[in-house]
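# Understanding the architecture of this molecule
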Amino acid sequence: MVTADEIRSFALSLPETEEHDHWEKPSFRVRSKIFAVIQPDGVSLVIKTTKEDRPAYTMMDPDVYQMPDSFQNLAFMIIRLDRIHPQECRNMLTLAWSLVAPKKVVKAFNGAISS
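Summary of the structure given here.

About the criteria used
- Residues numbered from 1 in each chain as written.
- Predicted model: local features only at pLDDT ≥ 70, side-chain atom pairs only at ≥ 80, totals over all residues.
- Heavy atoms only, no water.
- Phe/Tyr/Trp six-rings, centres within 6.5 Å; stacked < 30°, edge-to-face > 60°.
- Buried < 20%, exposed > 50% of the residue type's maximum accessible area, 1.4 Å probe, protein only.
- Helix = DSSP H or I, 4+ residues; strand = E, 2+ residues; numbered from the N terminus.
- Pairing = 2+ DSSP bridges.

The geometry of an aromatic ring pair comes down to the distance between the two centres and the angle between the two planes. Using the criterion set out here, one finds two aromatic pairs in the structure. Residues Tyr57 and Tyr65 carry aromatic rings whose centres are separated by 5.1 Å and whose planes lie at 45° to one another, so their mutual orientation is tilted. Residue Tyr57 shares its accessibility class with Tyr65, and that shared class is buried. Between Trp97 and Phe109, the aromatic rings sit 5.0 Å apart at their centres with planes inclined by 65°, giving edge-to-face as the arrangement. Within this pair, whereas Trp97 is found in helix α3 (residues 86–100), its partner Phe109 is found in helix α4 (residues 103–114), the two being separated by twelve residues in sequence. With relative accessibility at 16%, the residue Phe109 sits in the buried group.

Dropping the structure here:
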């Protein structure tokens, strides 16, 4: 299982990420834009996605990726931390981060990874 501490550590390693309270839950943001929120249950992570990609994830593995009815108009989904592989979770966090981070920052980060 991926823990909240692992989420925090990885999210904060991404450029320009800051942690802020969001309705008494830890959220991770770039320039005030949220890309992930740890839920109080300890096994759920709300994560940024695109409305176009979300159905693919939720149909591919509905035990891991979920979309509550209340998220219909939001570009977010829930990831079950007790069911996702740690590397897949890091990949999803990086993708979510890249959706809110400035393009220049994402490009520099991707360049640093491939070097």
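After that view of the structure, there is still more to cover.
Time to look at the pairing of strand β3 (residues 33–38). Across the six residues of β3, five count as buried, placing the element largely inside the fold. Pairing between strand β2 (residues 25–30) and β3: four bridges, direction antiparallel. Note on β3: the bridge partner recorded for Ser27 is Val37. Between β2 and β3, which pair antiparallel in sequence order, lie two residues; one of them, Arg31, sits at a positive phi of approximately 50°. Relative to strand β4 (residues 44–48), β3 is paired through three bridges, and the arrangement is antiparallel. Counted as the bridge partner of Ala36 is Ile47 from β4. Between β3 and β4, which follow one another and run antiparallel, lie five residues, and Gly42 among them has a positive phi close to 80°.

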